[in-house]
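Descriptive analysis of the structure
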Amino acid sequence: MFTIMAAWLINVAGRPFTEPQEYDEPNATVSNILAELRALGVQVDFPPSRLKSGSGEHVCLVLDHLAEEALKRRGFTFTRPKYPAEKPEEDGVMDDDAELTLSRVEEEMIEEADHEEEEEDMMDLEALKLPSSHAQSEPSSKPDRILESTVDAAEWRLEVERVLPQLRVTIRTDNKDWRIHLDQMHQHRDGITSSLRDTRSYLDKLQEDMGKTLEKVGSREKYINKQLEQLIQEYRSAQAKLSQAKERYKQASAGVTERSRVLAEISEELEKVKQEMEDKGSSMCDGAPLVKIKQSLTKLKQEMVQMDVRIGVVQHTLLQAKLKEKSNMTRDMHATNIPEPAAGPLA
């Protein structure tokens, strides 16, 4: 929920942001949200791991900054709140809360009378402190004898019962008055007490039934465990055997894996050897190399004949050159020997 709200606020703030999906990486999503928050100019001094839970102080801080940026983007400004005008309360007569009985009025009147008597006594004490001349000038307010009523008590009671409905005083109810709240608290307390008194017996009975049921369930569970103890032991032994078999299977699987690897290597080498044998067999059974050898021999023979011819030509050429050189040498020798006898007599 946090990532969805953050993505929506970032889009509202004018930054393109893809809404994260359920199977996205949480760390990447939170890092992208913080990157967008930094791009909006907000300083972030806490790691992204604080936002992975989706709740807490840092989550509220991020949502607060994003909401401010979104409101700025939309041009929203806060204005002074306008309070509705209070309507005058209607005067109503409430039978339970707004009526004061005659007894309450009489109590208030008695309290006022006692208060006035206390004030008069205080005034009298003050008056006693004054000079005696002033006390003599004022007549005494104390009656000469005890006042006695001349009204019959039965007639007084009848008159009180007759005027009692007219002595009820109605006051305007104020919901903010503490007396009303106190009366409501007393009423709620009385209602809770009466409801608790009625429901306590049902709750006690329910508790007793639940306790009996739990005892029955516990006894039944013990009986079932006792009856199935042999099967449980067999099941545990079977579990132990199964774990041992699994361990042996793991060990055997490891050996099989190693042997499979060795078998694969041997198979690969065998394939190479087979391929080499096939190549050699094909080369031995094939007559093409013999044909090539014969052709090469024939070609060598032809080249040897040509070489012999060339060698004979070269030898003949060399022989002619040697003979020519020899004839030249003999001619030169004869040419040098002929003038010598003629020079003797002249000497």
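As the structure is a prediction and not an experimental result, all values here were calculated from the model.

So, the overall build of the chain
Within the chain, the regular secondary structure consists of ten helices and two strands. Starting at the N terminus, the α and β elements of the chain follow one another as α-α-α-β-α-α-α-β-α-α-α-α. Looking at the chain alone, contacts between residues at least 24 apart form 58% of all its contacts between residues at least 6 apart. Accessible area of the chain: about 31,600 Å², with a carbon and sulfur share of 57%.

Describing the side chain of T29
Among the secondary structure elements, T29 is positioned in helix 2 (residues 26-39). Classification of T29 by relative accessible area gives buried; the value is 10%.

Some remarks on the nonpolar core
With 22 residues, the main nonpolar core has F2, I33, L51, V62 and L66 as its most contacted residues. For this core, the secondary-structure elements that each account for two or more residues are helix 1 (2-12), helix 2 and helix 3 (57-74). For this core, the element with the most residues is helix 1, which contributes six residues. Other than its neighbours up to four places away in sequence, L51 contacts F2, V30, L34, F46, H58, V59 and V62.

A look at a nonpolar patch on the surface
Among the surface-exposed residues, Y223, I224, L228, L231 and I232 lie close enough to one another that they form a single nonpolar patch of about 420 Å² accessible area. Structurally, the position occupied by Y223 is in helix 7 (residues 178-227). Y223 sits in the partly exposed class, given a relative accessible area of 44%.

Quick notes on helix 3
Helix length check: helix 3, at 18 residues, gives a terminal C-alpha distance of 26 Å against a target of 26 Å (1.5 Å per residue), a fit within 8%. Residues of helix 3 that are buried include every one of V59, V62, L63, L66, E69 and A70, and no others. Buried residues of helix 3, seen end-on, are gathered within an arc of 125° and therefore sit on one face of the element. Facing away from the buried side of helix 3 by more than 90 degrees, the exposed set consists of E57, C60 and K72. Contact partners of the buried residues in helix 3: helix 1 and helix 2. Note on helix 3: the residue one or two positions beyond its end, G75, has a positive phi of about 75°.

Things to note about the packing of helix 1 against helix 3
Running from N to C, helix 1 and helix 3 cross one another at 25°; their axes reach a closest spacing of 8 Å. Relative to helix 3, helix 1 is oriented roughly parallel. Crossing of helix 1 over helix 3 shows left-handed handedness. Contacts between helix 1 and helix 3 pair F2, M5, A6, W8, L9, I10 and V12 from the former with V59, V62, L63, L66, A67, A70, R73 and R74 from the latter. Within the contact of helix 1 with helix 3, the residues separate by chemical class into 13 nonpolar, no polar and two charged.

Each value, and the rule that gives it
Numbers given to residues run from 1 along each chain, matching the order in which its sequence is written. Per-residue local features of the predicted model are confined to residues with pLDDT of at least 70, and side-chain atom pairs are confined, for both listing and counting, to 80 or more; whole-chain, interface and lining totals are unaffected and use all residues. Where side-chain values are given, they derive from all heavy atoms of the structure, hydrogens and water being excluded. A helix here means a DSSP run of H or I that spans at least four residues, while a strand means a run of E at least two residues long, and both kinds are numbered starting from the N terminus. Two residues qualify as a contact provided that any one of their heavy atoms is within 4.5 Å of a heavy atom in the partner residue. Accessible surface is estimated by sampling points in the Shrake-Rupley manner with a 1.4 Å probe; for residues, cover comes only from the protein chains shown. Exposure categories follow from relative accessible area, calculated using a 1.4 Å probe and restricted to protein chains: below 20% of the type maximum is buried, above 50% is exposed, and the middle band is partly exposed. Each nonpolar core is a collection of buried residues, namely Ala, Val, Leu, Ile, Met, Phe, Trp, Tyr and Cys, held together in the definition by side-chain atoms within 4.5 Å. What makes a patch is a set of residues exposed beyond 30% relative accessible area and free of salt bridges, joined within 9 Å when like-charged and within 5 Å when nonpolar (Val, Leu, Ile, Met, Phe, Trp, Tyr). For this analysis, a salt bridge means a side-chain nitrogen from Lys or Arg found within 4 Å of a carboxyl oxygen belonging to Asp or Glu. Residue count minus one, scaled by 1.5 Å, sets the expected span of a helix. In this description, one arc is meant: the one made by directions from the helix axis to the C-beta atoms. Every axis in this analysis is a line fitted to C-alpha atoms, fitted for helices over the stretch in contact. Angles between the N-to-C directions lie between 0 and 180 degrees. Roughly parallel covers angles under 35 degrees, roughly antiparallel covers those over 145, roughly perpendicular covers 65 to 115, and oblique covers all other angles. With the far helix as reference, a near helix turned anticlockwise by less than a right angle produces a left-handed crossing, and one turned clockwise produces a right-handed crossing. Any residue that is not Ala, Val, Leu, Ile, Met, Phe, Trp, Tyr, Cys, Pro, Asp, Glu, Lys or Arg is counted as polar, Gly included; the first ten are nonpolar and the last four charged.

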